[in-house]
Amino acid sequence: MMPEKQKFRWAKVLDISAAHMLHDIYSAFLAPLFPILIERLGLSYFMIGGLSVIQRIASLFNPFIGLMVDRKDLRYFIILTPAITAICMSLIGLAQNVYQLAFLLFVMGWSAAFFHVPGPVLIKRMSGDRTGLGMSFYMVAGELARSLGPIIIVAAVSWWGIEGTYRLIPAGLVASFILFFRLRKLKHIEVKTKKIEISVKELLIELKGFYLNITGYTFARGLLKALLVTFLPTYYVSQGESLWFAAYTLSILQFSGAVGSLLAGGFSDKIGRRKTLIIIALMTPVLMLFFVLTSGWLNMVILVLIGLFMFGSGPVLLALVQDMSSERPSFTNGVFMTISFAFGAFATLFIGILSDFIGLEKSFMLSPIFALIAIPFAFRLKNKS
């Protein structure tokens, strides 16, 4: 009989993944609204990148949040933060200027930080010896949410106008209330009683090379995500397409990313995290080249393949990070989340500045070069022996 600690707890993994899906449905509202907000509030591409930085300021404190999670029972943050995010993102349509929008995104950023730091740690504890599979369910929930989010918010704008998106708040509150009854008895989120042998300083010294390689890989991934998530709807609208078409295209990308996330984690359990990330890093520049050179239905096919590979790296990176430390898993994940969110925000700001200077279309033309940056870092990553 499989030892208790090795069991894959399906119900708990699905509960936590459902919370992730609820949270990220609301956090996916922003990008589809940018074409409207650009006209309504007079935003530039640089300002869009700046808003992304403001939204991710809280990520700088992820390691400290991780230390709290390693010492305290913070299960209720998994329950409460989806409601907070739902309120902030549903009020975006009522923002009268860029300062009000920035405030809503700032609060939402803290909510997201307190959700995403403990989330993968809880998934690992519920996944036994199948961490990759558990991370796949967690990440596929997030990608599905980012697929549904654009459709939901564009439908809301079509029905009520952008000022009426606040009507989406009750659904988030009710869903978070349901999560309370599903997750309040969740075990294995208890305060640790085992003495932690390794200090934070020692852990950072031990993993400094690993984090440097993760930073390079994450920055390259962030450049592509900025183009394909933050700016894709704006790009299509600037090409004369409708907001509905832009939203559906983003949903297609995110849905294919959900499938990629589901497949990649389990795949990495079999062939290794490093090999999986190398395959993704090698395929992505080729696919981006075909994306910028094609149009019509073939362009959509390539976009689906990009989603499969690029988003597939998410659960593999999370599983790799969780493999690195068994004594301070939340802190280790917190450092990774800081790198991921901070350099993702920097990448978005860079794309915004670049697009203001050379145009968004030319920025997309440079995307295969951005994708090449990840390759040497993927080869330098190592599985923990």
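The structure presented is a predicted model; accordingly, all values stated were derived computationally and were not measured.

Participant: So what exactly am I meant to see when it comes to the overall build of the protein chain here?
Facilitator: Scanning the protein chain from N- to C-terminus turns up 20 helices and 0 strands. Compactness check: the protein chain gives a C-alpha radius of gyration of 20 Å against a globular reference of 21 Å for 385 residues, within 12% of the reference. Each principal axis of the C-alpha distribution contributes one length, and for the protein chain these read about 60 × 45 × 40 Å. A separation threshold of at least 6 residues defines the contact pool for the protein chain, and within that pool the share at least 24 residues apart is 85%. Working note: accessible area of the protein chain is about 16300 Å², and carbon and sulfur atoms make up 70% of it. Taking the average place of the 34 positive charges on the side chains of the protein chain and the average place of its 19 negative ones, the gap between the two points comes to 6 Å.

Participant: Explanation requested: the layout of surface pockets in the structure shown.
Facilitator: Empty space left among the atoms is revealed by rolling a probe the size of a water molecule over them. The space that makes up the second largest pocket amounts to roughly 290 Å³. Around the second largest pocket, the lining is made up of 15 residues, and of these Tyr235, Tyr236, Thr294, Ser295 and Asn299 lie nearest the centre. Elements represented by at least two residues in the lining of the second largest pocket include exactly α12 (232-238), α14 (273-293), α15 (296-310) and α18 (360-365). Along the lines of polarity and charge, the residues of the lining of the second largest pocket split into 8 nonpolar, 5 polar and 2 charged.

Participant: Could you clarify how one ought to interpret helix α13 (residues 243-271) in this entry?
Facilitator: In an α-helix, one turn spans 3.6 residues, which is why side chains three or four residues apart end up on the same side. Taking 1.5 Å of rise per residue, the 29 residues of α13 would be expected to cover 42 Å, and the 41 Å separating its terminal C-alpha atoms lies within 8% of that figure. Once α13 finishes, Gly272 follows within two positions and takes phi at roughly 105°, a positive value.

Participant: I'm lost on the nonpolar core in this one. Help?
Facilitator: Among soluble globular proteins, nonpolar side chains are generally buried collectively. Among the nonpolar cores identified, the biggest contains 113 residues, and Leu37, Leu101, Leu228 and Phe291 are the most heavily contacted of them. Broken down by element, this core gets its largest block of residues, 12 residues, from helix α11 (residues 208-230).

Participant: Got a minute to help me understand the packing of aromatic side chains in this structure?
Facilitator: Working definition: an aromatic ring pair is given by the centre-to-centre distance plus the angle between the planes. On inspection of all chains with the given rule, the structure shows 19 aromatic pairs. A connected cluster of aromatic rings, assembled from ring pairs, spans Tyr235, Tyr236, Phe245, Phe291 and Phe364.

Participant: What's the story with the pattern of salt bridges in this structure? I'm lost.
Facilitator: Oppositely charged side chains are able to pair whenever their charged atoms sit close together. Counted according to the given criterion, the structure contains 2 salt bridges. As a salt-bridge pair, Arg146 and Asp24 come within 2.6 Å of each other at their nearest N and O atoms. Taken together, the residues span a long stretch of sequence, with Arg146 in helix α8 (residues 131-160) and Asp24 in helix α1 (residues 10-27) at a distance of 122 residues. Each member of the pair, Arg146 together with Asp24, is buried. In this structure, the salt-bridge partner of Arg40 is Glu163, at a minimum N-O distance of 3.4 Å. Taken together, the residues Arg40 in helix α2 (residues 30-41) and Glu163 in the loop between α8 and α9 (169-183) connect sequence positions 123 residues apart.

Participant: Explain the environment of Lys225 to me, please; I cannot follow it from the model alone.
Facilitator: Mapped onto the elements, Lys225 comes out in helix α11. As a C-alpha pair, Lys225 and Met310 span 85 residues in sequence and 8.4 Å in three-dimensional space. In contact with Lys225, not counting residues within four places along its chain, are Thr230, Met310 and Phe311.

Participant: Just checking my understanding: could you explain α15 for this structure?
Facilitator: Given a rise of 1.5 Å per residue, 15 residues ought to cover 21 Å, and the 21 Å separating the end C-alpha atoms of α15 matches this to within 8%. Buried within α15 we find Asn299, Met300, Ile302, Leu303, Ile306, Gly307 and Met310. Down the axis of α15, the sector holding all buried residues measures 160°, keeping them to one side. Summarising the contacts, the buried residues of α15 are in contact with α11, α12, α13, α14 and α16 (313-324).

Participant: Sorry, what's going on with a nonpolar patch on the surface here?
Facilitator: Residues Phe46, Ile353, Phe357, Ile358, Leu366 and Ile369 make up a contiguous nonpolar surface patch of roughly 560 Å² in combined accessible area. Following the sequence through the fold, Phe46 ends up in helix α3 (residues 45-55).

Participant: Just checking my understanding: could you explain empty space enclosed by the protein for this structure?
Facilitator: Summed over the entire model, instances satisfying the criterion amount to 3 cavities of 30 Å³ or more. Of the voids in this model, the largest cavity is the one considered here, and its volume is about 940 Å³. Forming the boundary of the largest cavity are 45 residues, of which Gln55, Arg56, Arg146, Lys225 and Phe341 lie nearest the centre. Ranked by residue count, the leading element in the lining of the largest cavity is α11, at 7 residues. A per-class count over the lining of the largest cavity returns 23 nonpolar, 16 polar and 6 charged. Size it by volume and the second largest cavity reaches roughly 90 Å³. Tyr217, Ala220, Arg221, Leu224, Ile280, Ala281, Thr284, Met310, Ser313, Ala371 and Ala374 together form the lining of the second largest cavity. For the lining of the second largest cavity, the secondary structure elements donating two or more residues are α11 and α14. Residue contributions to the lining of the second largest cavity peak at 4 residues, all from α11.

Participant: What exactly am I supposed to notice about the packing of α13 against α15 here?
Facilitator: A pair of packed helices is characterised by two quantities: the angle between their axes and the separation of those axes. The contact between α13 and α15 brings their axes to 6 Å, and the two run at 40°. Relative to α15, α13 is oriented oblique. Handedness of the α13/α15 crossing: right-handed. On the side of α13, the interface is formed by Thr249, Ile252, Leu253, Ser256, Gly257, Val259 and Gly260, while α15 contributes Met300, Leu303, Val304, Gly307 and Leu308. Residues that form the contact of α13 with α15 fall into these classes: 7 nonpolar, 5 polar and no charged.

Participant: Would you explain the packing of α14 against α15 in this entry?
Facilitator: Contact geometry of α14 with α15 gives a least axis separation of 9 Å together with a crossing angle of 160°. Taken together, the axis directions place α14 and α15 in an arrangement best described as roughly antiparallel. The handedness of the crossing between α14 and α15 is left-handed. For the pair α14 and α15, the contacting residues are Ile279, Ile280, Met283, Thr284, Leu287, Met288, Phe290 and Phe291 in the first and Asn299, Ile302, Leu303, Leu305, Ile306, Phe309 and Met310 in the second.

Calculation rules
- Residue positions are counted from 1 within each chain, in the order its sequence is given.
- Where totals are concerned, whole chains, interfaces and linings use all residues; where local detail is concerned, this predicted model gives features only for residues with pLDDT of at least 70, and gives and counts side-chain atom pairs only at 80 or more.
- For the side-chain quantities, the full set of heavy atoms in the structure was used; hydrogens and water were omitted.
- By definition, any uninterrupted DSSP run of H or I lasting at least four residues is a helix, any uninterrupted run of E lasting at least two residues is a strand, and each is numbered from the N terminus.
- Just to be clear, the radius of gyration here is over C-alpha atoms, and the globule rule we use is 2.2 Å times residues to the power 0.38.
- Residue contacts follow a heavy-atom distance rule, with two residues in contact if any of their heavy atoms lie within 4.5 Å.
- Per-residue and other accessible areas follow the Shrake-Rupley method at a 1.4 Å probe size, with only the shown protein chains counted as cover for residues.
- Counted as positive: Lys and Arg. Counted as negative: Asp and Glu. His and the chain ends are not counted at all.
- Where a charge lies is defined by one atom per residue type: Lys uses NZ, Arg uses CZ, Asp uses CG and Glu uses CD.
- Only protein atoms enter the calculation, which uses a 1 Å grid: trapped sets of points that fit a 1.4 Å probe without letting it out are cavities, open sets showing protein on both sides within 12 Å along at least five of seven lines are pockets, and any residue with an atom within 4 Å of a point is a lining residue.
- Grid points are joined across faces, edges and corners, and a volume is the space filled by probe spheres set on the points.
- Residues are grouped as follows: Ala, Val, Leu, Ile, Met, Phe, Trp, Tyr, Cys and Pro are nonpolar; Asp, Glu, Lys and Arg are charged; every other residue, Gly included, is polar.
- Working rule for helices: expected span equals 1.5 Å times residues minus one.
- As used in this record, nonpolar core signifies buried Ala, Val, Leu, Ile, Met, Phe, Trp, Tyr and Cys residues forming a set joined through side-chain atoms within 4.5 Å.
- For each residue, the accessible area found with a 1.4 Å probe, counting protein chains only, is set against the maximum for its type, and the residue is called buried under 20%, exposed over 50%, and partly exposed in between.
- Pairing of aromatic rings covers Phe, Tyr and Trp, the last through its six-membered ring, and needs centres within 6.5 Å; plane angles under 30 degrees mean stacked, over 60 mean edge-to-face, and all others mean tilted.
- In the sections that follow, a salt bridge refers to a side-chain nitrogen of Lys or Arg positioned within 4 Å of a carboxyl oxygen of Asp or Glu.
- Arc definition: it is the arc formed by the directions from the helix axis to the C-beta atoms.
- Like charges within 9 Å and nonpolar side chains (Val, Leu, Ile, Met, Phe, Trp, Tyr) within 5 Å are joined into patches, using only residues over 30% in relative accessible area that form no salt bridge.
- Angles here are taken between N-to-C directions and fall from 0 to 180 degrees, while the axes themselves are lines fitted to C-alpha atoms, restricted in helices to the stretch in contact.
- Roughly parallel here means an angle under 35 degrees, roughly antiparallel means over 145, roughly perpendicular means 65 to 115, and every remaining angle is called oblique.
- Crossing handedness: left-handed means the near helix sits turned counterclockwise from the far one by under a right angle, and right-handed means the same turn made clockwise.

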